[in-house]
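Structural description and commentary
So you can see what is in the structure, the chains are spelled out below.
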Amino acid sequence: AVVAAVATYTDNYYTTSISQWVANDLRIRIYAHLHRLSLAYYDGAKTGTLMSTITSDVATVQSFASSSTLGILVDILTVALMLGLMLWMDWDFTLIAVAFAPFLLMFVMRFKKAVKEVTRTVRVKQSEVVAVVQEGLGSVRAIKAFGRQDLEMARMEAASHATVEAALKARQVKSLLSPVVGLVVALCTAIVLWKGTALIVTGAMTAGALTVYLAYLTKFFKPVKDLASMTTAIAQTTVALERIQKILSADEIIR
């Protein structure tokens, strides 16, 4: 237990350290690139979007690097090893489990595309909130001098309500993943159990062999579920990287 605790602490420390330096490098690179851009770039760029990218999007990439990368690698290795073991035990049953994989993969890919779309919308709305705050606080003296507090509050309420609506829509889309994946896994397990029971009745398989195989099947589907649940984090990180790349690819550089 002590060795496991030390290993976990070491793993968490180095993973967090790497993710922190990744975020540090991204922030410095984005900020340095922004200072190299000409003033013409800022005529069309929104300050709130730039601030949101250098803070929220970089934080999203950092979170993914620190908490999801190692888990994805472990889950992929677990799926590969369990699949090989199940093929060795009973390739007939394993083909039933693998037969559902293309449909599950197709759904996950379409789900990822939908999550990316709603995530982009949420990021845009969040950037608008940052823009309202930045503009309002940056010109707070003029706002107070001309009595425009009510106008600023109306802008803030509109931007905040739009963000809430976008976030709720994104949550509605994300909530579809777990039930569908669970249904597919339950259906696959039921088919294997039905076929195994039929073989037990005919004497072609023992109850113990079926029990062992079902246990391995459960261990096979656990990392599959984990990988499917990470689709949301992968989609969010992809959107964050797209927004970062959009800034870094701007070529309006001062010669």
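Refer to the structure printed above.
These notes cover the structure that comes with them.

Rules of the game
- Residues numbered from 1 in each chain as written.
- Predicted model: local features only at pLDDT ≥ 70, side-chain atom pairs only at ≥ 80, totals over all residues.
- Heavy atoms only, no water.
- Helix = DSSP H or I, 4+ residues; strand = E, 2+ residues; numbered from the N terminus.
- Contact = heavy atoms within 4.5 Å.
- Areas by Shrake-Rupley, 256 points an atom, 1.4 Å probe, with all protein chains shown as cover.
- Lys, Arg positive; Asp, Glu negative; His and termini not counted.
- Charge placed at Lys NZ, Arg CZ, Asp CG, Glu CD.
- Expected span 1.5 Å × (residues − 1).
- Buried < 20%, exposed > 50% of the residue type's maximum accessible area, 1.4 Å probe, protein only.
- Core = buried A, V, L, I, M, F, W, Y, C linked by side-chain atoms within 4.5 Å.
- Polar contact = N/O pair within 3.5 Å; in protein donor to acceptor, adjacent residues only side chain to side chain.
- Salt bridge = Lys/Arg side-chain N within 4 Å of Asp/Glu carboxyl O.
- 1 Å grid on protein atoms, 1.4 Å probe; cavity = no way out; pocket = protein on both sides within 12 Å on 5 of 7 lines; lining within 4 Å.
- Points joined across faces, edges and corners; volume = space filled by probe spheres on them.
- Nonpolar A, V, L, I, M, F, W, Y, C, P; charged D, E, K, R; others polar.
- Axes fitted to C-alpha atoms, helices over the stretch in contact; angles between N-to-C directions.
- Parallel < 35°, antiparallel > 145°, perpendicular 65-115°, else oblique.
- Left-handed = near helix turned anticlockwise from the far one by under 90°.
- Phe/Tyr/Trp six-rings, centres within 6.5 Å; stacked < 30°, edge-to-face > 60°.

Some points on the overall build of the protein chain
Helix and strand counts for the protein chain come out as 11 helices and zero strands. Seen in sequence order, the protein chain has helices and strands lined up from the N terminus as α-α-α-α-α-α-α-α-α-α-α. C-alpha extents for the protein chain along the principal axes are approximately 90 × 40 × 40 Å. Put simply, 85% of the contacts in the protein chain that link residues at least 6 apart link residues at least 24 apart. For the protein chain, the computed accessible surface area is about 15900 Å², with 67% contributed by carbon and sulfur atoms. Within the protein chain, one finds 25 positive and 18 negative side-chain charges whose respective centroids are separated by 1 Å.

Considerations on helix H10 (residues 207-229)
Here H10 is 23 residues long and its end C-alpha atoms lie 33 Å apart, about the 33 Å a rise of 1.5 Å per residue gives. Listing the buried residues of H10 in full gives Leu 210, Tyr 213, Leu 214, Leu 217, Phe 220, Phe 221, Pro 223, Val 224 and Ala 228.

Thoughts on the nonpolar core
Formed by 29 residues in total, the largest nonpolar core has its most connected members in Val 181, Val 192, Leu 217, Phe 220, Phe 221 and Val 224. Elements with a contribution of two residues or more to this core: helix H4 (69-89), helix H6 (101-138), helix H8 (149-174), helix H9 (177-202) and H10. Looking at this core element by element, the count peaks at eight residues for H10.

A word on the side chain of Gln 62
Inspection of the secondary structure puts Gln 62 in helix H3 (residues 47-67). Here the side chain of Gln 62 touches Gln 20 through a polar contact of 3.5 Å, side chain to side chain.

Regarding the pattern of salt bridges
The tally for this structure, following the rule as stated, stands at seven salt bridges. Salt bridges sharing partners connect three or more residues here, namely Lys 116, Glu 117, Arg 120 and Glu 242.

A short note on the layout of surface pockets
By volume, the largest pocket is sized at about 540 Å³. For the largest pocket, the lining is made up of 21 residues, of which Lys 46, Thr 49, Ser 127, Arg 243 and Lys 246 are closest to its centre. Among the elements of the structure, helix H2 (39-44), H3, H6 and helix H11 (231-248) are those that each provide at least two residues to the lining of the largest pocket. Top element by residues in the lining of the largest pocket is H6. It accounts for seven residues. Within this model, the second largest pocket holds a volume of roughly 470 Å³. Elements with a contribution of two residues or more to the lining of the second largest pocket: H4, helix H5 (91-99), H6, H10 and H11. Looking at which element gives the most residues to the lining of the second largest pocket, the answer is H6, with six residues. When the residues that make up the lining of the second largest pocket are grouped by side-chain class, the tally is 19 nonpolar, one polar and one charged.

Side note on the packing of H6 against H11
Helices that pack against each other are described as a pair by the angle of their axes relative to one another and the distance between those axes. Look at H6 against H11: their axes get within 8 Å of each other, and the N-to-C directions meet at 50 degrees. In terms of their interaxial angle, H6 and H11 are classed as oblique. The interaxial crossing formed by H6 with H11 has right-handed handedness. Residue-level inspection shows Val 108, Phe 111, Lys 112, Val 115, Lys 116, Thr 119, Arg 120, Arg 123, Val 124 and Ser 127 of H6 in contact with H11, the latter providing Thr 231, Thr 232, Ile 234, Ala 235, Gln 236, Thr 238, Val 239, Glu 242 and Arg 243. Taken together, the residues of the contact of H6 with H11 break down into seven nonpolar, six polar and six charged.

Here we look at the packing of H6 against H9
For the pair H6 and H9, interaxial distance at closest approach is 11 Å and the crossing angle is 175 degrees. The angle between H6 and H9 places the two elements in the roughly antiparallel class. Touching Leu 104, Phe 107 and Phe 111 of H6 are Leu 177, Val 180, Val 181 and Val 184, all from H9. In terms of residue class, the contact of H6 with H9 is made up of seven nonpolar, no polar and no charged.

What about the environment of Ala 59?
Here Ala 59 is to be found in helix H3. Judged by its relative accessible area of 38%, Ala 59 is partly exposed.

A closer look at the packing of aromatic side chains
In this structure the tally under the stated criterion is one aromatic pair. Relative to Tyr 42, the ring of Tyr 41 lies with its centre 5.4 Å away and its plane at 85 degrees, an arrangement referred to as edge-to-face. The buried category is assigned to Tyr 41, whose relative accessible area is 14%. The exposure class assigned to Tyr 42 is partly exposed, which follows from its relative accessible area of 33%.

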